[in-house]
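# Secondary and tertiary structure notes
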Amino acid sequence: MAASALVALSHWITHLAPNGQGPSIAADIFIGYPTGAALILIGAIMAGQTAKGKR
């Protein structure tokens, strides 16, 4: 989940770029948001798992 936080932070910083230098709307919709959602989902699944033998 820390990786998704870093991706979100870098994405936000990229959006602070002067006009015309930031990512396009298409890149945002088809690359940025799905990547962020996948990282959050993977992190949540990994955070919810327990190691074998610790029960």
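Residues numbered from 1 in each chain as written. Predicted model: local features only at pLDDT ≥ 70, side-chain atom pairs only at ≥ 80, totals over all residues. Heavy atoms only, no water.

What follows covers helix H2 (residues 25-48). Spanning 24 residues, H2 covers 33 Å between terminal C-alpha atoms, matching the ideal 34 Å at 1.5 Å per step. Among the residues of H2, those classed as buried are Asp28, Gly32, Gly36 and Gly43. Along its buried surface, H2 packs onto helix H1 (2-15). (Helix = DSSP H or I, 4+ residues; strand = E, 2+ residues; numbered from the N terminus. Expected span 1.5 Å × (residues − 1). Buried < 20%, exposed > 50% of the residue type's maximum accessible area, 1.4 Å probe, protein only. Contact = heavy atoms within 4.5 Å.)

A separate point is the environment of Ala47. Its location among the elements puts Ala47 in helix H2. When its relative accessible area of 57% is taken as the criterion, Ala47 is described as exposed. Sequence separation between Ala47 and Met1 is 46 residues; the distance between their C-alpha atoms is 8.1 Å.

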